[in-house]
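This is what each chain is made of:
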Amino acid sequence: MIRAYKFLLRPTVRQQQALAEMLRDHCSLYNGALQERRDAYRHNSKISIKYGGQSAQLKEIRAFDPERQGRWSFSSQQATLRRLDKAFQAFFKRVKAGLTPGYPRFKGVGHFDTVAFPKDGDGCRWDSTPNDRQTHVRLQGVGHVRVHQHRSVRGRVKTISIKREGRRWYVVLACDEVPAEPLPATGSIVGIDMGTVHFFTDSGGAHKPNPRFLEAMADELTAAQQHLSMFPKRTRRRTKKHRAAARKVAKLHAKIRRQRLDHHHKTALSLVRENDVIGHEKLNMAGMTKSPQPKPDPDNDSAFLSNGAAAKAGLNKSILDAGWGQFLAILANKAESAGRRVIAVDARNTSRTCPLAAGGCGHVAKENRATQSKFECVKCGFVENADTVGALNVLHRAGLVLCDGA
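What you see is a predicted model; the values in this text were computed from it and never measured.

1. Description of the nonpolar core
In a soluble, globular protein the nonpolar side chains are often hidden away together inside. In this structure, W126, L139, I162, V171 and L173 are the most contacted members of the largest nonpolar core, which totals 36 residues. Apart from residues no more than four positions distant in its own chain, W126 is found in contact with F7, D120, T135, H136, V137, V147, Q149, V153, V157, I160, V171 and L173. Counting residues in each nonpolar core, the second largest holds 18 residues, with V190, L271, W324 and A335 among its members.

Written as structure tokens, this is what we have:
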């Protein structure tokens, strides 16, 4: 089993400067490799430059610029070139699929925030001791950086990444061969229905409140963004006041992100501890949060009809604020570690089907959903909360999957 660990770094002032220089130089390498690919294609479209050729040039680049490129780990620079190669592979894959391709872009220094070390001991060494909260990570060109290790690391450290978030620095460890820690069986199986009014509703009828972290900080965030927008574009990134305003906005977004992540971890852990099997809807987050296409007016070629874009934007914002995708990914990881099972079932008509799991008739009809919160079967008269009905149908479909597997 593979598990990721993320720990806060506590670098000195000089180490912070060295870390920033490391990101800057890797960003320069990324942009230089991208420019080489673009120039080669413009001069001759038959020439295709790939990772192998650019990786072979690293020795010459390091020898030519030892102050900037020669001081960093060779393998980390190869990882940066692989990162660019993956971006091009994804680009060509979208082209072949007929999707909007999105050509790889140059990275600004402020947007290149991660350097990866593919192997522990090659330019980066994790010096961890069990239950030691003041361990260190050794980085080539930076030195031994103190780490706040808030929990023990299990398994074998495979890759190490250094990540910048605002003014904070983190080390991210990817470990394999992590032993599972099975929890005792509870004999319980539950279905959950994700929502925006409630974070989720389980098949027992319990509603988990939706904290709405973005909405709670909307006023403060709006004020910070309005203050940032006061600076003219020609002065941006040139004054201390603009940089301070940008840091304020980034700090608020980081706080919201941490609050949401903490909520997801605690909620998922509670579900895993209380249930052996957890069923949920299989959600297509990209499709659910996609903005509707404008509809042309047949009577006026230059006009468009209203397509509910404003209402859909509000719904999209609520869905993204809830963070269903992140929560379900965390739930799956925790369940695997605890020896539990998570089953994703077909989400179609879960809130329009009279639930067999609660003695309903199984009739499917759009009219069964009387209101947003009320379910009333038009065939047998079964009445229940619509979210609870959705969770009951998820539970029933998860039970069918279990029976088929058995």
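2. Looking at the environment of A344
Relative to the assigned elements, A344 resides in strand β14 (residues 341-345). Given the relative accessible area of 36%, A344 is considered partly exposed. Here the alpha-carbon distance between A344 and R397, two residues 53 residues apart in the chain, equals 9.2 Å. What A344 contacts, discounting residues up to four positions off in sequence, is H280 and K282.

3. Focus: the sheet that holds strand β10 (residues 207-209)
Think of a sheet as strands paired side by side through backbone hydrogen bonds, with each pair either parallel or antiparallel. Pairing within the open sheet is mixed, and its five strands lie in the order β10-β9-β8-β11-β14. For this open sheet the edge positions go to β10 and β14, each flanked by a neighbour on one side alone. Within the sheet, the average angular offset between the axes of one strand and its neighbour, ignoring direction, is 25 degrees. By the bridge criterion, three bridges tie strand β8 (residues 189-194) to strand β9 (residues 198-202) in an arrangement that is antiparallel. Bridged to M194 within β9 is F200. Its contacts with the sheet place helix α7 (residues 240-274) against β8, β9, β10 and β11 (277-281), and it is angled at close to 5 degrees to β9. Running over the sheet, helix α10 (residues 324-338) touches β8, β9, β11 and β14 and is turned about 165 degrees from β8.

4. Some thoughts on α10
Compared with an ideal rise of 1.5 Å per residue, which puts 15 residues at 21 Å, α10 spans 21 Å between its outermost C-alpha atoms and is within 8% of the ideal. After α10 finishes, the residue G339 shows a positive phi value of roughly 75 degrees.

5. Thoughts on unusual backbone geometry
The phi dihedral of E177 falls on the positive side, at around 60 degrees, and the residue is not glycine. One can find E177 in the loop between β7 (168-176) and β8. For E177, a relative accessible area of 57% corresponds to the exposed category. Of note, N349 is a non-glycine position whose phi angle comes to about 60 degrees, a positive value. By the secondary structure assignment, N349 is in the loop between β14 and β15 (374-376).

6. Observations regarding the packing of aromatic side chains
Tallied over the full model, the rule gives eleven aromatic pairs. Seen from their ring centres, F375 and F382 are 6.4 Å apart, and the 65 degrees between their planes marks the pair as edge-to-face. We note that F375, like F382, is buried. Joined through ring pairs, the aromatic side chains of F88, F91, F92 and Y103 make up one cluster. K6 extends its terminal NZ or CZ atom over the ring of Y170, reaching a point 4.6 Å from the ring centre. One Lys or Arg, R83, reaches over the ring of F112 and ends 4.3 Å from the middle of that ring.

Here is what the cut-offs are and how they apply
Residues numbered from 1 in each chain as written. Predicted model: local features only at pLDDT ≥ 70, side-chain atom pairs only at ≥ 80, totals over all residues. Heavy atoms only, no water. Core = buried A, V, L, I, M, F, W, Y, C linked by side-chain atoms within 4.5 Å. Buried < 20%, exposed > 50% of the residue type's maximum accessible area, 1.4 Å probe, protein only. Contact = heavy atoms within 4.5 Å. Helix = DSSP H or I, 4+ residues; strand = E, 2+ residues; numbered from the N terminus. Pairing = 2+ DSSP bridges. Axes fitted to C-alpha atoms, helices over the stretch in contact; angles between N-to-C directions. Expected span 1.5 Å × (residues − 1). Phe/Tyr/Trp six-rings, centres within 6.5 Å; stacked < 30°, edge-to-face > 60°. Lys NZ or Arg CZ within 6 Å of the ring centre and 35° of its normal.

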